[in-house]
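Below are the chains, spelled out letter by letter.
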Amino acid sequence: MNLAFIPSPSTGVIELGPIPLRGYAFCIIIGVFVAVWFGNKRWVARGGKAGTVADVAVWAVPFGLVGGRLYHVITDYQLYFSDGENWVDAFKIWEGGLGIWGAIAFGAVGAWIACRRRGIPLPAWADALAPGIAIAQAIGRWGNWFNQELYGKPTDLPWALEISEGPNRVAGTYHPTFLYESLWCIGVALLVIWADRRFKLGHGRAFALYVAAYCAGRGWIEYMRVDEAHHVLGLRLNVWTAIIVFVLAVVYIVISAKIRPGREEIVEPDRDAAPAEKDGSGEDGSGEKGVAKADAAAKDPLTKDEPDKGATAESAEAAEKS
């Protein structure tokens, strides 16, 4: 009998009058706001404009939600399309079920579109947002606590998670894998912040470090889970995904550091600059105003330019006649 454990909420929904506030959705929303807020601070510190991170996130977040849900539905299709299941449940995102792999992949597509529209480099934007994404994941994982899902194997440890009887679950105390991953993500965020300050990571390497560090933790945490999942060669599908993505991230860091060392000096072009310097209006000494300025300088007695050759010749001729 456990003398200490983490209790689960009796319900994942709080009724605010006619509006149901779902704990899972609430955690996702808070995570997104924190990621954008912190990413904006890092972007401005890199020389970018305030608000750019939010503008890009307007594209990245919807793409990420769609991608995350698609990955979950495709890899766990039996939950929605097998006998006795209702395929309409695949659209009930508020009941849980977002795959981080699909969310990051599709979110990157949305961010790429937005970055191209603003003329900013996607790798630099991703570097600024990387630790914020890890913090958002740490917050979002508490949505699984509200839904009493994605827990680990049975345990009687003092920090065991109490699960009540319900659909597809048996009452008992289990490893709180949601908590393990939440704490791991906070550690990943701190690692990226430290490494970025220490080594001045650029060209997407801070984001790649986040991906590699997250995958390292997701691998062993995923291995502890007991929810239904597809297996390949004895390992859960998400474990293999974590291994493959980890290798790709490390390879990117190594190759990128050799090809493009250092970090970007300019992350966002100044679109408010006066165009006069480029259109020949004379601000840079070109055009009609530039010619007039040059003529005035030639007549200025204080100028240090060479004396007029014609005037010098006339003075010499006058001296000979005298």
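The structure contained in this document is the topic of the report that follows. Each chain has its residues counted from 1, running along the sequence as written. Confidence filtering applies because this is a predicted model: local features only for residues at pLDDT of at least 70, side-chain atom pairs given and counted only at 80 or more, and all residues used for totals across whole chains, interfaces and linings. Values reported for side chains reflect all heavy atoms of the structure, with hydrogen atoms and water molecules removed beforehand.

## A closer look at the pairing of strand β1 (residues 13–16)
Consecutive residues of a regular strand have side chains that alternate between opposite faces of the sheet.
And then number 1: For β1 and strand β2 (residues 19–22), the ladder comprises four bridges, and the chain directions are antiparallel. In the strand pairing of β2, Leu-16 is matched with Ile-19.
And then number 2: Counted along the chain from β1 to the antiparallel partner β2, the turn is two residues long, and its residue Gly-17 has a positive phi close to 65°. A pair of strands is treated as paired once DSSP finds two or more bridges between them. Helix and strand assignments follow DSSP, with helices taken as H or I runs no shorter than four residues and strands as E runs no shorter than two, numbered in order from the N terminus.

## Some thoughts on helix α5 (residues 122–140)
And then number 1: A maximum bend of about 45° is found in α5 at Leu-129, where proline Pro-131 lies one to four positions downstream.
And then number 2: Partly exposed describes any residue whose relative accessible area lies between the buried limit of under 20% and the exposed limit of over 50%, with all areas from a 1.4 Å probe on protein chains only and scaled to the type maximum. The element α5 is extensively covered by neighbouring structure, given that 15 of its 19 residues are classed as buried. A residue's bend is the angle separating two fitted axes: one through the seven residues that end there, the other through the seven that start there.

## Some points on the pattern of salt bridges
And then number 1: Whenever a carboxyl oxygen of Asp or Glu lies within 4 Å of a side-chain nitrogen of Lys or Arg, that contact is scored as a salt bridge. Applying the stated criterion to the full structure yields 11 salt bridges.
And then number 2: Between Asp-55 and Arg-118 there is a salt bridge; the shortest N-O distance is 2.9 Å. Taken as a pair, Asp-55 in helix α2 (residues 52–75) and Arg-118 in helix α4 (residues 100–118) lie far apart in primary sequence, 63 residues in all.
And then number 3: Here Asp-55 falls in the partly exposed class, since its relative accessible area comes to 38%.
And then number 4: Since its relative accessible area comes to 27%, Arg-118 is described here as partly exposed.
And then number 5: For Glu-222, the salt bridge identified is with Arg-225, shortest N-O distance 3.2 Å. This pair shows no difference in class: Glu-222 is buried, exactly as Arg-225 is.
And then number 6: Here the residues in one salt-bridge network are Arg-218, Glu-222, Arg-225, Asp-227 and Arg-236, joined through shared partners.

## Let's talk about the nonpolar core
And then number 1: In these notes, a set of buried Ala, Val, Leu, Ile, Met, Phe, Trp, Tyr and Cys residues joined through side-chain atoms within 4.5 Å is what counts as a nonpolar core. Membership of the largest hydrophobic core comes to 38 residues, with the highest contact counts inside it found for Trp-43, Val-56, Trp-101, Trp-125, Val-192 and Tyr-210.
And then number 2: When residues of this core are traced back to their parent elements, those giving at least two are α1 (23–45), α2, α4, α5, α7 (177–199), α8 (205–224) and α9 (237–259).
And then number 3: Contacts between residues were defined by any pair of non-hydrogen atoms, one from each residue, lying within 4.5 Å. Not counting residues within four places of it along the chain, the set of residues in contact with Trp-43 comprises Gly-48, Lys-49, Thr-52, Val-53, Ile-120, Ala-124, Trp-125, Ala-128, Val-267 and Glu-268.
And then number 4: Of all hydrophobic cores here, the second largest spans seven residues; its members include Tyr-151, Tyr-174, Phe-178 and Leu-179.

## Points about unusual backbone geometry
And then number 1: Of note, the phi angle at Leu-150 is positive, near 55°, even though the residue is not glycine.
And then number 2: Its place among the elements puts Leu-150 in the loop between α6 (142–147) and β3 (161–163).
And then number 3: Assessed through its relative accessible area of 21%, Leu-150 is described here as partly exposed.
And then number 4: In this structure, Leu-233 is a non-glycine residue whose phi angle is positive, near 55°.
And then number 5: Along the chain, Leu-233 falls in the loop between β5 (231–232) and β6 (235–236).
And then number 6: When its relative accessible area of 78% is taken as the criterion, Leu-233 is described as exposed.

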